[in-house]
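# Summary of structural features
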Amino acid sequence: MSHLRLLNKTIGRIIYRLVILAFALLAFATGVHAWDHPSHMTTAAIAFAEIERARPDLIEKIGLVLLKHPEPPPFWVAVEDAKGKERVRRMFIEAARWSDDVKWTMYDRPTWHSARWAIVAKDAPPEAKAAAEARKGKPAGHAIEALVLNSAMLASAETSPTERASALSWVLHLVGDIHQPLHVSDYFSKNFPLGNAAGTLAYVADPLGKSTIPLHMLWDSNTLRSTKLEEIDRNAKEFVKKYPRSSFPELAVKGEPDVFRKWARESYNVAVDFAYGYGIETVADPDKDQDPDKVVKKMVKFALEGISPVKEAPKVPAEYWEKLQSVAHRRITLAGYRIADLIISAADQIASERALAGKVLDTIDQH
């Protein structure tokens, strides 16, 4: 009986800490706007250019959709005095970051930003293996389900204008999220027996700064640290030139079932093979196991004030940093192409539904 009580107590402690770490991840993710916005905005800039190239007739329609957004003020600010196509483009790019900007508001969907499968290290202790196995092979987070929902709403002729604008924003954002390897993985090891909360509890020295930075933020940010539109445009053009559509054979696959899960698993494989497979050294927050409430407070302080809870962390090896940039930029570009394809497909489906509805109404009128 004593062993059973001990087991139950241990399991209870694991569950409690996992819940706390989930809140820690949410608190952290809420405050990294200055870092991960550039990646989402760059993806959107790439997608917009692709839509303009392939289907210029959709640009005005996209603008009309975004005018019905449930939270319009950020879009008014983003467009400044731009007119016409440029006005739509700026609204489109703003839409890609909106889902992060509304954290802790009525529009927030905290579980939608990730779908994290476990990665178990060779040195993982029994409690780490137990925590990972408790997931039963399922990811933590609902990014995939959210994409299924919002892409369906985006492509339905019955969706209201406001719902369509919200769905478009979420599709822009979530496709970007699932192309980032640390949004689809949690690492369980000797140092992280309860998981590293998508890399937010694992710190390294920032290659582009003097502070320490969570591994998650390093992947989110990569080299993209500015939200200035001219920087976003420069990066988007550079990435498209370096990674044209022809360099992605996976884009040729159309209409496959469970497509969003497959995209997320692509990123997961990158996490397994490289993000963690390289053997990157990190240091954990010293309070990650002892005082969960303190961990959350320190992470929020880092998010809001830029004060890292870890003073010193291992340097990122030059080889790892160079490959991270290549992998991250390639995933950002691929996400942009895929977003454009999703939007074009959604527009075609709406047109088809409306054409069919019109024929049905004509038939009804004849009887």
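Note that the coordinates shown come from a computational prediction; the quantities given were computed from them, not determined experimentally. (Residues numbered from 1 in each chain as written. Predicted model: local features only at pLDDT ≥ 70, side-chain atom pairs only at ≥ 80, totals over all residues. Heavy atoms only, no water.)

### Considering the packing of helix H3 (residues 59–66) against helix H8 (residues 161–178)
Quick reminder of the rule: Interaxial angles span 0 to 180 degrees and are taken between N-to-C directions of axes, which are lines fitted to C-alpha atoms, for helices over the stretch in contact. Helix and strand assignments follow DSSP, with helices taken as H or I runs no shorter than four residues and strands as E runs no shorter than two, numbered in order from the N terminus. By the definition adopted for this analysis, an angle is roughly parallel if under 35 degrees, roughly antiparallel if over 145, roughly perpendicular if from 65 to 115, and oblique otherwise. Working rule for contacts: check all heavy atoms of both residues, and any pair within 4.5 Å makes them a contact. Amino acids are sorted into nonpolar (Ala, Val, Leu, Ile, Met, Phe, Trp, Tyr, Cys and Pro), charged (Asp, Glu, Lys and Arg) and polar (every other residue, Gly among them).
For the pair H3 and H8, the least separation of the axes is 8 Å and the interaxial angle reads 105°. Considering their axes alone, H3 and H8 lie roughly perpendicular with respect to each other. Residue-level inspection shows Ile62, Val65 and Leu66 of H3 in contact with H8, the latter providing Pro161, Arg164, Ala165 and Leu168. The class makeup of the residues in the contact of H3 with H8 is 6 nonpolar, no polar and 1 charged.

### Section: empty space enclosed by the protein
Threshold: With a 1 Å grid spanning the protein atoms alone, the term cavity applies to any set of points in which a 1.4 Å probe fits but cannot get out, the term pocket to an open set with protein on both sides within 12 Å along at least five of seven lines, and the term lining residue to any residue with an atom within 4 Å of a point. Grid points are joined across faces, edges and corners, and a volume is the space filled by probe spheres set on the points.
Evaluation of the coordinates by the stated rule reveals 3 cavities of 30 Å³ or more. As a volume, the largest cavity reaches approximately 170 Å³. Along the wall of the largest cavity there are 16 residues; nearest its centre are Ser39, Gly176, Gln180, Asp220 and Ile332. Only helix H2 (33–54), H8, helix H9 (215–221) and helix H13 (318–365) provide two or more residues apiece to the lining of the largest cavity. In terms of residue count, H2 provides more of the lining of the largest cavity than any other element does, 4 residues in total. Considered class by class, the residues forming the lining of the largest cavity number 4 nonpolar, 8 polar and 4 charged.

### Thoughts on the side chain of His329
The test is simple: Burial classes: relative accessible area under 20% of the type maximum marks a residue as buried, over 50% as exposed, and values in between as partly exposed (1.4 Å probe, protein chains only). Any pair of N or O atoms that falls within 3.5 Å is considered a polar contact. Within protein, one atom must be able to donate a hydrogen and the other to accept it, and sequence-neighbouring residues count only if both atoms are side-chain atoms.
Positionally, His329 belongs in helix H13. Given the relative accessible area of 9%, His329 is considered buried. A polar side-chain atom of His329 sits 3.3 Å from a polar atom in the side chain of Asn222. A polar side-chain atom of His329 sits 3.1 Å from a polar atom in the side chain of Thr223.

### Re the sheet that holds strand S4 (residues 212–214)
This is how the line gets drawn: Two strands pair under a simple rule: DSSP has to find at least two bridges between them.
Spatially, 3 strands are ordered S4-S3-S5 in an open sheet, and the strand pairing comes out antiparallel. With partners counted over all chains shown, the strands left at the sheet margins are S4 and strand S5 (283–284), one partner each. One ladder, built from 3 bridges, connects strand S3 (residues 202–205) with S4; its direction is antiparallel. Bridging from a neighbouring strand, Tyr203 pairs with Pro214 of S4.

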